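Residues per chain, in single letters:
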Amino acid sequence: MTCRKKKVLILGSTGSIGINTLRVLSRFPDCFEVVGLTAHHNWRLLAEQAKLFRPKYVAIGQKHILALKLVLNSPRIKILAVERDLAFLTVLPDVDIVVIAMSGRLALEPFLCAAQAGKHIAPANKEALVIAGEMIMAATAKSGARIIPVDSEQSAIFQCLQGNHIKDLKKIYLTASGGALYNTPRQNFDALTIADILNHPRWKMGKKITVDSATLMNKGFEVLEAQRLFAVDVNKVDVVIHPQAIVHSMVSFKDGSVLAQLGMTDMRLPIQYALTYPQRWDSGLPALDFTKLGQLTFAKPDLRKFPCLGLALQVARVGGTLPTVLNAADEEAVQAFLAGQIRFSQIFKVVDKVVQTHKVQKRLTLKMVQDVDAQERLKAKALIAKIK
Ligand code: NDP
Ligand code: MG
């Protein structure tokens, strides 16, 4: 293993991806230095992480700055405001790699800045790519930034495409474990508790993405992500249910060959690849034992049982401002579901209504995306209030 020490900024270090990223980095202290860590509310965990990794910068929600300052008690670590300073952090000359592990649409601005500044970007965040993927990819092409995706499916596709030409690609097969409700009849969905929905059979993730996995909206977002990251037509992306979550995605080429990426169901694998690309280092994770895997199965998704996926595919075909609307309405609906304000099946109803009533605009600008996001959230909130 050869390495030149790289300086890493993690946006969202206190979440599921952020914590796993720090676990990966801590295995290679000679190759990586943590220069910045950020969180929104969880100042206690951020302080613990900062004491361990000694970054130059930390950023936290404004109302927690004082608490963080008191507990850190270190003049060496600069404390910034997460609402204001993420863009500043991403463009620091000190930063080689930006890991975008924060959730939500607010990752868009720092993502764009990192792309414009030509950084090595490891995005787990999908919201920014869904709503403004074209803008991000254009900035990346212009600056020479490189994006090595962390989302396991996008990482798999990226890996399968290495050494191949995108013009020879025939199909992308995006695999989906099926989420918590794959084996539950649709009529029972609303009888389940929030805890049941959050009990994902394969992956341990943040709450929002776990609910999106149960509705299969997450897979719809991933179709949009793949469309942007690999510049492919949506008709070239097929979703395949693969409950064992061992094949992380596949691609087929014009000659009929199919390449797949397989691995343990552990996010540390795609995270490490995104950090060490184009090298591969020992991850310390157990090897796949094919003799113990049993069957690997594949099936078509049921779009009547999981209408959010069908809706996302429709949205992907239209593009423009519609993906922003899908993301905004879904974020509001899932939040309302997690707060006990609406039932599970009402997530689709709210999102569908907001999407179907939106007047699509093309040729996106950042301002347009921000305005549409704000307007459509209000629409979703009003619908949710009527349900209550
Ligand atoms: P979590 O909810 O576990 O963590 C979210 C992180 O973002 C936390 O550090 C949180 O801080 C921070 N954060 C939340 N809101 C804001 C905000 N407004 N401003 C700044 N920081 C904020 O999410 P996950 O780690 O599960 O997911 C992160 C992203 O990665 C999502 O976009 C998700 O879709 C994507 N992803 C996740 C996967 C997974 O396995 N978890 C797999 C593939 C993609 P705090 O803790 O202080 O609230
Ligand atoms: Mg994924």
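Just so you know, these numbers come straight off a predicted model, no measurement behind them.

Here is what the cut-offs are and how they apply
- Residues numbered from 1 in each chain as written.
- Chains lettered and ligands numbered in written order.
- Predicted model: local features only at pLDDT ≥ 70, side-chain atom pairs only at ≥ 80, totals over all residues.
- Heavy atoms only, no water.
- Salt bridge = Lys/Arg side-chain N within 4 Å of Asp/Glu carboxyl O.
- Helix = DSSP H or I, 4+ residues; strand = E, 2+ residues; numbered from the N terminus.
- Buried < 20%, exposed > 50% of the residue type's maximum accessible area, 1.4 Å probe, protein only.
- Contact = heavy atoms within 4.5 Å.
- Phe/Tyr/Trp six-rings, centres within 6.5 Å; stacked < 30°, edge-to-face > 60°.
- Disulfide = S-S within 2.5 Å.

Engineer: Which residues make up the pattern of salt bridges, and what values go with them?
Structural biologist: Counted according to the given criterion, the structure contains 24 salt bridges. For Lys208, the salt bridge identified is with Asp212, shortest N-O distance 2.5 Å. One end of the pair is Lys208 and the other is Asp212, both in helix α9 (residues 207-215) and four residues apart, which spans about a single turn. Like Lys208, the residue Asp212 is buried in the burial classification.

Engineer: Tell me about helix α4 (residues 82-90), residues and numbers included.
Structural biologist: Given 3.6 residues to a turn, an α-helix orients residues that are three or four positions apart in the same direction. If you check which residues of α4 are buried, you get Val82, Asp85, Leu86, Ala87, Leu89 and Thr90. Looking at the buried residues of α4, the elements they touch are β1 (6-11), β2 (32-38), β3 (57-60), β4 (78-81), β5 (97-100) and α5 (108-116).

Engineer: For the packing of aromatic side chains, give the residues involved together with the corresponding values.
Structural biologist: All told, the structure shown has 10 aromatic pairs when counted by the stated rule. Considering the side-chain rings of Phe28 and Phe32, the 6.5 Å spacing of their centres and the 70° angle between planes classify their relative orientation as edge-to-face. Given the relative accessible area of 7%, Phe32 is considered buried. When the centroid spacing of 5.6 Å and the interplanar angle of 90° are considered together, the rings of Phe189 and Phe344 count as edge-to-face. Of this pair, Phe189 sits in the loop between β8 (169-176) and α8 (194-197) while Phe344 sits in helix α15 (residues 344-356), placing them 155 residues apart in sequence.

Engineer: Describe the state of the cysteines, and please don't skip the residues or the numbers.
Structural biologist: On inspection of all chains with the given rule, the structure shows one disulfide. Disulfide pairing is shown between Cys3 and Cys31; the S-S distance is 2.0 Å. On the sign convention where negative is left-handed, the bridge of Cys3 and Cys31, at about -70° about the S-S bond, is left-handed. Highlighted residues: Cys3 in the segment before β1 and Cys31 in the loop between α1 (16-25) and β2, separated in sequence by 28 residues. Residue classification places Cys3 among the partly exposed residues on the basis of a relative accessible area of 36%. With relative accessibility at 2%, the residue Cys31 sits in the buried group.

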